[in-house]
There are 2 protein chains.
Amino acid sequence: MTIAENKGRRRTRRGGSTPAPARDINYRSLRNPFPPARVFTDDRIAAIHEAALSVLEDLGLKVLLPEARTLFARAGARVDDSTEMVRIGREIIDAALVTAPKSVTVRGGARPRDVLLEQGSLVFQPGAGAPHATDLVRGRRPGRGQDFAELVKLTQYFDVLHMMPPLVEPQDVPMHLRHYMTMETMMAQSDKVPFIFARGTPQTEQSFEMLQDFRGLSDEEFRAESHSYTIINTNSPRQIDIPMARGLIDFARAGQISIVTPFTLMGAMAPVTVAGAMTLSHAEALAAIALTQLVRPGAPVCYGTFTSNVDMKSGAPAFGTPEHFTASVVAGQLAGRTGLPWRCATGSAANLSDVQAAQETQFGLWGCLLSGATVVLHAAGWLEGGLTVSYEKLITDVEVLQMVAELCAGTSAEDADIALDALAEVQPGGHFFGAQHTMERYQTAFYEPLIGDLSNYGTWSERGAVDTTTRASDLWQKILNEAPGPRVDPEALARLQEYVAVKSQAGGAPPES
Amino acid sequence: MTIAENKGRRRTRRGGSTPAPARDINYRSLRNPFPPARVFTDDRIAAIHEAALSVLEDLGLKVLLPEARTLFARAGARVDDSTEMVRIGREIIDAALVTAPKSVTVRGGARPRDVLLEQGSLVFQPGAGAPHATDLVRGRRPGRGQDFAELVKLTQYFDVLHMMPPLVEPQDVPMHLRHYMTMETMMAQSDKVPFIFARGTPQTEQSFEMLQDFRGLSDEEFRAESHSYTIINTNSPRQIDIPMARGLIDFARAGQISIVTPFTLMGAMAPVTVAGAMTLSHAEALAAIALTQLVRPGAPVCYGTFTSNVDMKSGAPAFGTPEHFTASVVAGQLAGRTGLPWRCATGSAANLSDVQAAQETQFGLWGCLLSGATVVLHAAGWLEGGLTVSYEKLITDVEVLQMVAELCAGTSAEDADIALDALAEVQPGGHFFGAQHTMERYQTAFYEPLIGDLSNYGTWSERGAVDTTTRASDLWQKILNEAPGPRVDPEALARLQEYVAVKSQAGGAPPES
């Protein structure tokens, strides 16, 4: 598809003297307009797929949850309960790739917040799962409930952030009550698709109950479609632990989508080569996907990878590197074989929201865009290889995501755009500022930066020579102070709060592992 | 071409206990591994090409140099000397596109510095032509000879910067002597392809003389190949001024390549639409290319554009925007019709080397990469829409260019890379740090950042919590203090200095306009 074929999505209002026309670009439902890159030839991609099938058949995976081993055994896998090893034949994988849906609509709290997960869609999430939060006003601190709530509000504010991830870990909330706090916050402050942690059946089922009741859905309605999602990280190499296997099973049973993501760092928990690391990642992803289909054929599931390299001098994780980019493209080539929606991620190892952070995050983003990723995680705010979410970086990264969304919207090349009349009207050496063609369009012609300052050096200096990160700090404070939340049903919210109070009183639900 | 097909360029040394193997990636001769994006359908690209031919045939261009008008008239163009308007029939353009060479090798001072200009090549230049220079140590100031010399040394240092542009304008050197200073500096401090300003025949011819003598070339040898280049900016809309027309003629006669670049800002000197602006840019580029072929059929010439938008609130130029990106892709589609090597540019409107600057520059860079540009100008160091070159930004932008060069080098997916043995060796939940497969490769497996800091937050804090721009400041100072220059023939340099002394004594050569 060319970018132009999307152009119907750009609507430019014309005529009418008041009010001034506003740009109206759809940032909510994006299609990826970029041609997919290739790193390996098709035959080498086939070789990696074959090698991954060999890994599953011959080497096997360690699956720590007995119920999951039983499901694999029933399907014909060779299971050794004494070693917890499961060897999965290719027919099980092949069958899973047939039944797993190629297109999944995940419901938000309002129809414009629904997210379509299929190859060709483009869905952004901000940074997820960080133990720390940081901003210029308050500095770096362990994540708190307040940070979680604020970051939910900021994520809600930007249309280009499509799903609500677990932004920071609210460490001041006890683990057995934490899912109440995060669910209540996400429901009250956002109508975007919420994330639910797979931390054992009790928390998962209570989270489903809260969501189902808040959305006013019957049991059948809830299970018939995804209204939430989780992320399943395998424990590379070749292991699926109890909460992750439990999550795959619980979410598949409930019809809620699991985004399967082996997190493999080349040279650490994966081979040092892109081809080796992606062989491992692909094998683990296929095994996890197969488990969902053994639970419930047709269960929604998303293929994925998060593969980068380590710094071989220090062993520290690196992100937004050439090797990360390359792995993303290879993942896209492998995902193409599955036909499933799939997730990728950008990231940064930088320790503050500076030039390195911006460069790595955008470089990794282009890896995702050129690999045809459906869901791009950690696309805004992620620092320190995921240990911190930065409020300022969330803002500045959204700028880049909005610019990408503008490209998704496409550009028109009708005769009126080619503008031969205007070209004739303006004489050699003249200018187009006052041309009729310009006057008719200038108010909506161009993307207006969120935080970018286009003023000249003199004006910028007079205004205090403020750098981008400081401007971003001002903006997130303004958003938190001024932005309205979503429309919320007060009765549903009251019921949710009552549920939380009762369950908390009864001791909550500890995570399982 | 896939990235993998380039992989022969990556050589990883193995075996031998001392010294430690070094990564050896070719940053000097890059091929673009990315699939070209498309913004408009082929039929709308054809419509823009047709519209551009109509602009040339029916509206015409104002050509201020009588000799250029005469050349066009002799070829059959309709010329009105009283209005200086030249109307160029499509047969003149068609003929020019036949005779203009599709592949041009521009000679550096050493064979590894030669630059191949053809579609598919990828050539980077740092920021060019800025009136100011800035760095963290000395602040922002009008460009001086010292700044020019320092930036030449920095550009020389990085293999990924392939050509030597006019980095800053050395305003402390009088205009009639400036070309002596810049030529002597470029010859003494660099063996990369030098830029020569088209500021009238006297300066141009003297610059050619200096270069020819310094390189030890006969008249025939000099004219037979390009050893230098210039940039020709049309005066949009629809005008070619005297020094630019003069430059097109002088460089074509001397066999030196002109990079033709209409600089058009949508909404200012071009229509407010991408399609309109690119119609104008394309028309002007074709006219300038035609002039070179009328002078000397087969003269080396490079198609080009630099098209971005203005901020319609202030009229200030904007760069690295979605519209800039889109125009680059359209330029690539149009350049594809010509078959010629072509130049594009990234840029930034930011006033300091901060997050905005990094984001805009990389966003614009991806526009160039996905448009298949041969030469990417302003790829490092360019700030304030070209009014300043930043030493720190030059360093940090080079980081991104090196990461792109790593992608150009490709990645191997042989069976040894897929690493089934290593996958079998490492048990579930284990790690690959000590695996034989890792040990054999880890020293050269990954790109080592130039300026990126991959250490964790604790280590980074203990080391002073230094931000990227400050680290970049340290690095350029180290390079200026320590990096050796190129090998220079002392006799050739002495002759050059004698030439400059004699010519300066004789009054120099004022620019013409």
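None of these values were measured; they are calculated from a predicted model.

Asks: Looking at this structure, I do not really get the relation of the copies chain A and chain B. What am I missing?
Replies: For these two chain copies, the linking operation is a rotation about an axis paired with a shift along it. Of the transformation superimposing chain A on chain B, the axial component is 0.0 Å and the angular component is 180°, with the fit at an RMSD of 0.0 Å. The transformation relating the two chain copies, once decomposed into turn and shift, fits a two-fold axis. Minimal C-alpha distance to the rotation axis in chain A is attained by A:V355, lying at 2.5 Å.

Asks: Sorry, what's going on with the state of the cysteines here?
Replies: Two cysteines whose sulfur atoms are joined by a covalent bond form what is called a disulfide. This structure, assessed with the given rule, holds 0 disulfides over all chains. Its sulfur unpaired, A:C302 is 11 Å from the next cysteine sulfur, which belongs to A:C344.

Asks: So what exactly am I meant to see when it comes to the interface of chain A and chain B here?
Replies: Many descriptions give the size of an interface as the accessible area lost when the pieces come together. With 115 residues of chain A at the interface, the matching set in chain B holds 116 residues. Summed over both sides, the interface between chain A and chain B buries roughly 9400 Å², with carbon and sulfur atoms accounting for 70% of that surface. Summed over the three residues of chain A that lose the most area to chain B, namely A:Q359, A:F446 and A:L454, the buried surface amounts to 8% of that side. In this structure, the connection of chain A to chain B is made through 4 salt bridges. Between A:E448 and B:K313 there is a salt bridge, and its shortest N-O distance comes to 3.2 Å. Summed over the shared surface of chain A and chain B, the number is 38 residue pairs in polar contact (both at pLDDT 80 or more). No other element matches helix α11 (residues 355-370) of chain A, which puts 9 residues into the side of chain A that touches chain B. Taken together, the residues of the side of chain A that touches chain B break down into 59 nonpolar, 33 polar and 23 charged.

Asks: Quick question: what am I supposed to make of helix α8 (residues 242-253) of chain A here?
Replies: An α-helical segment advances 3.6 residues per turn. Residues three or four places apart therefore align on the same side. Residue and element names in this part refer to chain A. Compared with an ideal rise of 1.5 Å per residue, which puts 12 residues at 16 Å, α8 spans 16 Å between its outermost C-alpha atoms and is within 8% of the ideal. Burial analysis of α8 places 10 of its 12 residues in the buried class, which makes it a mostly covered element. Within α8, the full set of buried residues consists of P243, M244, A245, R246, G247, L248, I249, D250, F251 and A252. Taken together, the buried residues of α8 touch α2 (66-74), α6 (201-215), β12 (229-232), β13 (239-240), β14 (257-260) and α9 (274-295). Near the N-terminus of α8, the side chain that reaches the backbone nitrogen of M244, with its oxygen 2.9 Å away, is that of D241. Immediately downstream of α8, the backbone of G255 shows phi near 75°, a positive value.

Asks: Any chance you could explain helix α5 (residues 175-189) of chain A here in plain terms?
Replies: All names here are of chain A. Taking 1.5 Å per residue, 15 residues should reach 21 Å; α5 reaches 21 Å between its end C-alpha atoms and fits that length. What α5 keeps buried is the set R178, H179, Y180, M181, T182, M183, T185, M186 and M187. Buried residues along α5 sit against α4 (145-157), β10 (163-164), β11 (193-194), α6 and α18 (490-505).

Asks: Looking at this model, I keep getting lost on the sheet that holds strand β23 (residues 382-383) of chain B. Mind explaining?
Replies: By way of backbone hydrogen bonds, the strands of a sheet pair with one another, either parallel or antiparallel. All names here are of chain B. Pairing within the open sheet is mixed, and its 4 strands lie in the order β11-β10-β24-β23. This sheet does not close on itself; its edge strands, each paired only once, are β11 (141-142) and β23. The sheet contact formed by β23 and strand β24 (residues 388-390) spans 2 bridges and is antiparallel. The partner of L383 across the bridge, within β24, is T388. Against the sheet, helix α12 (residues 391-409) engages β10 (132-134), β11, β23 and β24, with an angle of about 60° to β24.

Asks: When you look at the sheet that holds strand β6 (residues 85-87) of chain B in this model, what are you seeing that I'm missing?
Replies: All names here are of chain B. On the basis of which strands lie adjacent, the open sheet formed by 4 strands has the order β5-β6-β4-β15 and mixed pairing. Of all strands in the sheet, those bounded by a partner on one side alone are β5 (78-80) and β15 (239-240). Bridging between β5 and β6 involves 3 bridges; their strand directions are antiparallel. Note that in β6 the partner of R78 across the bridge is R87.

Asks: Can you help me understand the pattern of salt bridges in this one?
Replies: Residues and elements named next belong to chain B. As enumerated under the stated definition, the model contains 60 salt bridges over all chains in all. With a shortest N-O distance of 2.9 Å, R138 and D135 are connected by a salt bridge. On the basis of relative accessibility, which here comes to 34%, the residue R138 falls in the partly exposed class.

Asks: I'm lost on the packing of aromatic side chains in this one. Help?
Replies: Residues and elements named next belong to chain A. By the definition in use, this model includes 35 aromatic pairs over all chains. A centroid spacing of 5.7 Å and a plane angle of 50° characterise the contact between F306 and W382, whose relative ring orientation is tilted. With F306 in strand β17 (residues 306-310) and W382 in strand β21 (residues 382-383), this pair connects stretches of sequence that are 76 residues apart. Ring centres of F319 and W382 lie 5.1 Å apart, and the angle between their planes is 85°; this geometry places the pair in the edge-to-face category. Pair noted here: F319 is in the loop between β18 (317-318) and α10 (322-338) and W382 is in strand β21, with a separation of 63 residues, a long-range link. Given a relative accessible area of 1%, F319 falls into the buried group. Note that R138 overlies the ring of Y391, its terminal NZ or CZ placed 5.3 Å from the centroid.

Calculation rules
- Every chain is numbered on its own, with residues counted from 1 as its sequence reads.
- In the order they appear in the text, chains get letters beginning with A and ligands get numbers beginning with 1.
- The predicted nature of this model means local features are confined to residues of pLDDT at least 70 and side-chain atom pairs, given and counted, to a pLDDT of 80 or more, with totals for whole chains, interfaces and linings taken over all residues.
- With hydrogens and water excluded, all non-hydrogen atoms of the structure serve as input to the side-chain values.
- In superposing the copies, a least-squares fit is computed on C-alpha atoms, taking residues whose pLDDT is at least 70 in both.
- Cysteine sulfur atoms are paired as a disulfide whenever they come within 2.5 Å of each other.
- Contacts were defined at the residue level, with two residues in contact if any of their heavy atoms lie within 4.5 Å.
- Each of two parts loses accessible area, computed with a 1.4 Å probe, when they are put together; buried area is these two losses added.
- What counts as a salt bridge is simple: a side-chain nitrogen of Lys or Arg found within 4 Å of a carboxyl oxygen of Asp or Glu.
- Any N or O atom pair separated by 3.5 Å or less is treated as a polar contact, with the protein-specific requirement of one donor-capable and one acceptor-capable atom, and with residues adjacent in sequence counted only for side-chain atom pairs.
- In this text, helices come from DSSP runs of H or I with a minimum length of four residues, and strands from runs of E with a minimum of two, each type numbered from the N-terminal end.
- Under the scheme applied here, ten amino acids are nonpolar (Ala, Val, Leu, Ile, Met, Phe, Trp, Tyr, Cys and Pro), four are charged (Asp, Glu, Lys and Arg), and all others, including Gly, are polar.
- For a helix, the expected span equals 1.5 Å multiplied by the residue count minus one.
- The buried label goes to any residue with under 20% of its type's maximum accessible area, the exposed label to any with over 50%, and the partly exposed label to all in between, with areas taken from a 1.4 Å probe on protein chains only.
- A pair of strands counts as paired when DSSP detects no fewer than two bridges linking them.
- Fitted lines through C-alpha atoms give the axes, limited to the stretch in contact for helices. The angle between two N-to-C directions lies from 0 to 180 degrees.
- The criterion for an aromatic pair is that two Phe, Tyr or Trp rings (for Trp, the six-membered ring) have centres within 6.5 Å, with stacked assigned to planes under 30 degrees apart, edge-to-face to planes over 60 apart and tilted to the rest.
- Any Lys NZ or Arg CZ found within 6 Å of a ring centre and within 35 degrees of that ring's normal is scored as a charge over the ring.

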